[in-house]
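Descriptive analysis of the structure
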Amino acid sequence: MEQRSVDGHGGRRGALRPEVVEDFRRRLKYFFMNPCEKHRARGHKPWKLVLQILKIGIITAQLVTFGLSNEMMVTFKEESLLTFRHVFLKGYQGHRPGGYALYTKAEVYDHIGHVVHRFIHLRNLAVGNLAYASVDGKLAPLSVCQELYRNGTVDPGNDTFDIDPLIDEECVSFYPAQQLDDDGRAPHANFSLDFQRLVSVNVYLSLKTINLQTVRRHELPDCYDFHVKIAFDNRAHSGRIQVRVENDVRMYECRNWNVEGAPGNNDFLLLTLDSVVILACFLSLLLCTRSVVHGIQLQFEFNIFFHAYYNKVVSRSDRMEFVSGWYLLVVVSDTLTIAGSALKIGIQTKYLTNYDVCSILLGTATMLVWVGVIRYLGFFKKYNILILTLRAAFPSVIRFSCCAAMIYLGYCFCGWIVLGPHHDKFRTLDKATECLFLLINGDDIYGTFQKMRHGGQMVWLFSRLYLYSFISLFSYMVFSLFIALITDTYETIKHHQQDRAPVSQLQAFVAGCRDLPQSGRYHTAEEPADCCLSSCCCFG
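A brief look at the structure comes next.

How each quantity is defined
- Residues numbered from 1 in each chain as written.
- Predicted model: local features only at pLDDT ≥ 70, side-chain atom pairs only at ≥ 80, totals over all residues.
- Heavy atoms only, no water.
- Helix = DSSP H or I, 4+ residues; strand = E, 2+ residues; numbered from the N terminus.
- Buried < 20%, exposed > 50% of the residue type's maximum accessible area, 1.4 Å probe, protein only.
- Contact = heavy atoms within 4.5 Å.
- Areas by Shrake-Rupley, 256 points an atom, 1.4 Å probe, with all protein chains shown as cover.
- Polar contact = N/O pair within 3.5 Å; in protein donor to acceptor, adjacent residues only side chain to side chain.
- Expected span 1.5 Å × (residues − 1).
- 1 Å grid on protein atoms, 1.4 Å probe; cavity = no way out; pocket = protein on both sides within 12 Å on 5 of 7 lines; lining within 4 Å.
- Points joined across faces, edges and corners; volume = space filled by probe spheres on them.
- Nonpolar A, V, L, I, M, F, W, Y, C, P; charged D, E, K, R; others polar.
- Axes fitted to C-alpha atoms, helices over the stretch in contact; angles between N-to-C directions.
- Left-handed = near helix turned anticlockwise from the far one by under 90°.
- Salt bridge = Lys/Arg side-chain N within 4 Å of Asp/Glu carboxyl O.

**Some remarks on the overall build of the protein**
- Looking only at helices and strands, the protein has 15 helices and 9 strands in total.
- The burial tally for the protein puts 39% of its 540 residues in the buried class.
- In the protein, the proportion of contacts linking residues at least 24 apart, taken out of those at least 6 apart, comes to 71%.
- Split by element, the accessible area of the protein, about 30700 Å² in all, is 60% carbon and sulfur.

Written as structure tokens, this is what we have:
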């Protein structure tokens, strides 16, 4: 027997039994229920919801412990670098970055000799626990290397020069036990600088120390190797040699240690917490991945059913309803957390020292976990409007941002080329982008106008036209249109919520099921094999 009739979807119904259609509607409605409704519908305990809430607590606790440890490590590295600047740079008084520079040949020789002298007498000078590094059982020397053009003569008076741009490097070494002359200069008479061809002078030294402050947090102290580079940069050949100190740090476990009341219990608790986090995230990853797979399977079923029953193709927006973005967010968060926790265990056991990668993984994962809290607020209708607005406005916001970015990049390139030679905030392309972004938010507008150096009447007038047009365009027009775009989406969602009218074919079809969660109609004795997967979704 065959039934065909025209329905509200504008299509002709195919030959399907009404009970099959109603059963499929019920399956779809159950799939889109929240955990509380699923519990009332079938009595399943929301263990997955409990797991996600537990994850928020243990992941946050893990991040806090790692952050405190990371904070001590970063503080120790920064203070050690500051120590090296004060110890090895003559007359250093906390200069701003790029502000420590030399201008005469005598100053260059004097400062290099000062570095060598401080290195040789370091044990008598430094208040920290610093020691010389060793290589093959011998103390590692300090190396002074000058980089210079292979051949070259420069005669500014006659406007002539002859330069071979290939770089050669010449080095001399000074050992800790070595003595200096009475004036503090090195005894190497052959060491001299050819300032005409000089590109840079780099001083390399290696030191060792132990970070004892971790004992206060019941953690084992780490040993550090500092590979310090003091660079005398003459690449500009402008008569100004900029001096900077760079520090490459290697952290590792000390070989022989003894701490009264050794903090092994604290390490065991941290490793246990990391293991619990990995286990919880692994279970969550499996459950949410299975939920995504089940949603995709149900999407295919709905496509086939809709085509057979209504002879229509399901829209892309309806198909995407089956793929929960929140599930994907949890999958990404769990993956990052598992990888970050594994790295943290390696750092805790001193096998790894890459704090930066671990920080990025754990920090991003924790951010995504807390963003996922919005999902819980969505169970309440008054809070759910935020989620619906963000989801509905996101495609339009992306398209709008792409158009605005084209205008923004145009202003960035223009400001960098035209204003860069005359304004510190536009000196480089990244500074120009940062400055314009601050102007959009209304920060330091007056200072940006005032710091424009007078580069001629034409440049000055162009800078005013450039800044006024950018601020007017982005602050008053682009930003206002951006707010209006989101506001319009919010009003549309609010209107649909008040009318309670289905806005899509999928919602209209599911709305045909009038069975309440507590009606008992969802306790089906026999279900399709793939339907039973719905009970394994995250959160119910």
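**Topic: the side chain of Lys-425**
- Counting through the fold element by element, Lys-425 comes out in the loop between helix H11 (381-419) and helix H12 (429-440).
- Of note is the side chain of Lys-425, whose polar atom sits 3.4 Å from the side chain of Thr-448.
- With residues up to four places along the chain from it excluded, the contact list for Lys-425 reads Lys-431, Ala-432, Cys-435, Asp-444, Gly-447, Thr-448 and Lys-451.

**Considerations on helix H9 (residues 355-371)**
- Helix length check: H9 (17 residues) gives 24 Å between terminal C-alpha atoms against 24 Å at 1.5 Å per residue, within 8%.
- Three or more residues of H9 are buried, namely Tyr-355, Cys-358, Leu-361, Leu-362, Ala-365, Thr-366, Leu-368 and Val-369.
- The elements touched by buried residues of H9 are helix H3 (47-88), strand S9 (241-253), helix H8 (325-348) and helix H10 (373-377).

**Regarding empty space enclosed by the protein**
- Across all of its chains, the model carries 3 cavities of 30 Å³ or more by this definition.
- Approximately 190 Å³ is the volume attributed to the largest cavity.
- Along the wall of the largest cavity there are 18 residues; nearest its centre are Ser-69, Glu-219, Ile-347, Gln-348 and Tyr-355.
- Elements with a contribution of two residues or more to the lining of the largest cavity: H3, strand S8 (222-233), helix H6 (264-310) and H8.
- Per element, the largest residue contribution to the lining of the largest cavity is 5 residues, and it comes from H3.
- Taken together, the residues of the lining of the largest cavity sort by class into 8 nonpolar, 5 polar and 5 charged.
- In this model, the second largest cavity occupies a volume close to 80 Å³.
- The wall of the second largest cavity is formed by Gln-52, Lys-55, Ile-56, Trp-326, Leu-329, Val-330, Ser-333, Leu-368, Val-369, Gly-372 and Tyr-376.
- Those elements giving two or more residues to the lining of the second largest cavity turn out to be H3, H8 and H9.

**A closer look at the packing of H3 against H8**
- Where H3 meets H8, the closest approach of the two axes is 12 Å, and the angle between their N-to-C directions is 35 degrees. As for how H3 packs across H8, the hand of that crossing is left-handed. Contacts from Gln-52, Lys-55, Ile-59, Gln-62, Thr-65 and Phe-66 in H3 reach Trp-326, Val-330, Asp-334, Thr-337, Ser-341, Lys-344 and Ile-347 in H8.

**Comments concerning the layout of surface pockets**
- Taken as a whole, the second largest pocket encloses approximately 310 Å³ of empty space.
- Broken down by secondary-structure element, the contributors of at least two residues to the lining of the second largest pocket are H3 and strand S7 (198-211).
- Element by element, the count of residues in the lining of the second largest pocket is highest for H3, at 7 residues.
- Residue composition of the lining of the second largest pocket, grouped by class: 9 nonpolar, 7 polar and 1 charged.

**Brief notes about unusual backbone geometry**
- Positive phi values are uncommon outside glycine, yet His-237 reaches one of about 50 degrees.
- Topologically, His-237 is positioned in the loop between S8 and S9.
- The phi angle at Asp-444 is positive, at roughly 55 degrees, despite the residue not being glycine.
- Here Asp-444 lies in the loop between H12 and helix H13 (445-450).

**Structural notes on the pattern of salt bridges**
- Evaluated as defined, the whole model comprises 12 salt bridges.
- For Lys-208, the salt bridge is made with Asp-225, and the minimal N-O distance between the two is 3.2 Å. Taken together, the positions of Lys-208 in strand S7 and Asp-225 in strand S8 put the pair 17 residues apart, joining distant regions of the chain.
- Overall, Lys-208 belongs to the partly exposed group, its relative accessible area being 28%.
- Linking Lys-425 and Asp-444 is a salt bridge whose minimum nitrogen-to-oxygen distance equals 2.0 Å. Of the two residues, Lys-425 is situated in the loop between H11 and H12 and Asp-444 in the loop between H12 and H13; the sequence distance between them amounts to 19 residues.
- Taking relative accessible area as the criterion, Lys-425 reaches 19% and is therefore assigned buried.
- Look at Asp-444 and you get partly exposed, because its relative accessible area is 40%.
- Overlapping salt bridges bring together Asp-233, Arg-235, Arg-244 and Glu-246 as one network.

Read these as geometric descriptors, not functional statements.
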